[in-house]
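Residue-level listing of the chains:
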Amino acid sequence: MQRYLKHRYFKHRCAKQRIQRPGALCKSALHKGALYIGLALLLCAPITWATDDTTPAMPHSVDNTSFTSEREAVVWRREELKDIESLVRQLRFDLVNNQDAEEAAPRLLELQERASANNLLPAFIAGTHGTGSEARASIWEEWDDFAAGFVDLEGKVATLIEAANQEDYRAAARALSEVGASCKSCHRAYRYN
Ligand code: HEC
């Protein structure tokens, strides 16, 4: 049905432009189509940027966050990252040692929520490196690259969840290594240790 409609649409438009091959996609219809798609993308883009699946903007001061002080944000993010590390270790135990996807399921959901740009980025308030933190100052000079590190991690976690859902333990082991590599790659660039 959809195909038929499409066919009719092009036939109609092309016929109007006196192209005699019925059903053939005339050039101008294609160009128009591309133009409309381009316009639609342009129009949709700002809406997409405003939704949840985009990376949060850099918090310039504690006022833009739910924290009461910069110190609180630093302490919170360090605790959060330690918990994330324990979760990953526990998941290795569930999926690689025990091959128990059912046991892993709630922990995977927790990892997905906590090891995310949305959860972690708001705690990286501009300039909160130095005493009490292992964060490098370059985080705030290269915010987009830093944020991309968490987006990369989210992708690796999604692959891990897919493997666990399919009870493919070999793929889960591979995905866990990829998760670990994603953590390390950001640490190499943005953490003193
Ligand atoms: C996009 C960058 C980024 C990614 C991805 C990332 N981290 Fe980190 N991590 C940091 C930064 C920056 C610090 C230092 C934070 C601070 O001290 O203020 C840190 C610190 C830590 C710490 C030390 C916490 C403490 O204070 O003792 C642990 C543990 C940790 N991360 C675990 C992980 C694990 C596990 C992953 C992957 C599942 C991960 N991180 C992914 C940037 C990242």
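Think of each chain on its own: its residues are numbered from 1, step by step along the sequence as written. In view of the model being predicted, local features appear only for residues whose pLDDT reaches at least 70, and side-chain atom pairs are presented and counted only at 80 or more, with totals across whole chains, interfaces and linings using the full set of residues.

**Student:** Sorry, what's going on with unusual backbone geometry here?
**Tutor:** Excluding glycine, residues mostly have negative phi values, and the peptide bonds linking residues are mostly trans. For glutamine 99, which is not glycine, the phi dihedral falls at a positive 45 degrees. The numbering of helices and of strands both runs from the N terminus, where a helix is a DSSP run of H or I of at least 4 residues and a strand a run of E of at least 2. Position of glutamine 99 among the secondary structure elements: in the loop between α3 (70-97) and α4 (101-114). Phi is positive for glutamate 167, close to 50 degrees, though the residue is something other than glycine. With respect to the element layout, glutamate 167 can be found in the loop between α6 (143-165) and α7 (169-190). Among the residues examined, glutamate 167 registers 14 C-beta atoms within 10 Å and is labelled partly exposed. Burial is judged by counting other C-beta atoms within 10 Å of a residue's own C-beta: 20 or more means buried, 12 or fewer means exposed, and anything between counts as partly exposed, with every C-beta placed from the backbone.

**Student:** Would you mind going over the nonpolar core with me for this structure?
**Tutor:** Within soluble globular proteins, side chains that are nonpolar tend to cluster in buried spots. Here, a nonpolar core means buried Ala, Val, Leu, Ile, Met, Phe, Trp, Tyr and Cys residues linked by C-beta atoms lying within 7 Å of one another. Ranked by size, the top nonpolar core spans 29 residues in total, and within it Leu160, Ala164, Ala172 and Leu176 carry the most contacts. Taken together, the elements giving at least two residues each to this core come down to α3, α4, α5 (117-120), α6 and α7. Note on contacts: each residue gets a C-beta atom placed from the backbone, and two residues are in contact if those atoms are within 7 Å. Residues in contact with leucine 160, not counting those within four places in the same chain, are Leu108, Ala172, Ala175, Leu176 and Val179.

**Student:** How do you make sense of the site of the ligand when you look at a structure like this?
**Tutor:** Close to the ligand lie 23 residues, the nearest being Arg78, Ser133, Gly149, Cys183 and Cys186. For the shell around the ligand, the secondary structure elements donating two or more residues are α3, α6 and α7. Among the elements that line the shell around the ligand, the one with the most residues is α3, at eight residues. Only the C-beta atom, placed from the backbone, is used; a residue is near a molecule or strand if that atom lies within 6 Å of it.

**Student:** It is not clear to me how α6 should be interpreted in this structure. Could you clarify?
**Tutor:** An α-helical turn contains 3.6 residues, so a residue and the one three or four places further along point in the same direction. Multiplying one less than the number of residues by 1.5 Å gives the expected span of a helix. In a regular helix each residue adds 1.5 Å, so 23 residues correspond to 33 Å; α6 covers 33 Å between its end C-alpha atoms and thus fits that length. Looking at α6, one finds that the buried residues are Phe146, Ala147, Phe150, Leu153, Val157, Leu160, Ala163 and Ala164. Packed against the buried residues of α6 are α3, α4, α5 and α7. Positive backbone phi, approximately 50 degrees, marks glutamate 167, located one or two places after α6.

**Student:** Got a minute to help me understand the packing of α6 against α7 in this structure?
**Tutor:** Packed helices, taken two at a time, are described by their axes: the angle between them and the distance between them. One way to put it is that α6 packs onto α7 with a least axis distance of 8 Å and a crossing angle of 170 degrees. Put simply, α6 runs roughly antiparallel to α7. Residues Phe146, Gly149, Asp152, Leu153, Lys156, Val157, Thr159, Leu160, Ala163 and Ala164 of α6 form the contact with α7, whose own contacting residues are Ala171, Ala172, Ala175, Leu176, Glu178, Val179, Ser182, Cys183, Ser185, Cys186 and Tyr190. Each residue gets one label: Ala, Val, Leu, Ile, Met, Phe, Trp, Tyr, Cys and Pro are nonpolar, Asp, Glu, Lys and Arg are charged, and the others, such as Gly, are polar. Of the residues that constitute the contact of α6 with α7, the class distribution is 14 nonpolar, four polar and three charged. Under this scheme, a helix contributes an axis fitted over its contacting stretch, all axes are lines through C-alpha atoms, and angles between N-to-C directions fall in the 0 to 180 degree range. Between 65 and 115 degrees an angle is taken as roughly perpendicular, under 35 as roughly parallel, over 145 as roughly antiparallel, and anywhere else as oblique.

**Student:** Looking at this model, I keep getting lost on the confidence of the model for the protein. Mind explaining?
**Tutor:** Parts of the model with low pLDDT should not have their predicted coordinates read in detail. Values of pLDDT, ranging from 0 to 100, describe the predictor's confidence in every residue of the model. Taken as a whole, the protein shows an average pLDDT of 84; of its residues, 73% reach a score of 70 or greater. With pLDDT under 50 throughout, residues 1-26 is counted as low confidence; its partners more than four residues away or in other chains account for 18 contacts.

**Student:** How do you make sense of the packing of α3 against α4 when you look at a structure like this?
**Tutor:** Where α3 meets α4, the axes come as close as 10 Å, and the angle between the chain directions of the two elements is 155 degrees. In terms of orientation, α3 and α4 fall into the roughly antiparallel class. The element α3 and its partner α4 pack so that their crossing is left-handed. Together, Glu80, Asp83, Ile84, Leu87, Val88, Gln90, Leu91, Asp94 and Leu95 of α3 and Ala101, Glu103, Ala104, Arg107, Leu108, Glu110, Leu111 and Arg114 of α4 make up the contact between the two elements. Grouping the amino acids of the contact of α3 with α4 by side-chain chemistry returns nine nonpolar, one polar and seven charged. Crossing handedness: left-handed means the near helix sits turned counterclockwise from the far one by under a right angle, and right-handed means the same turn made clockwise.

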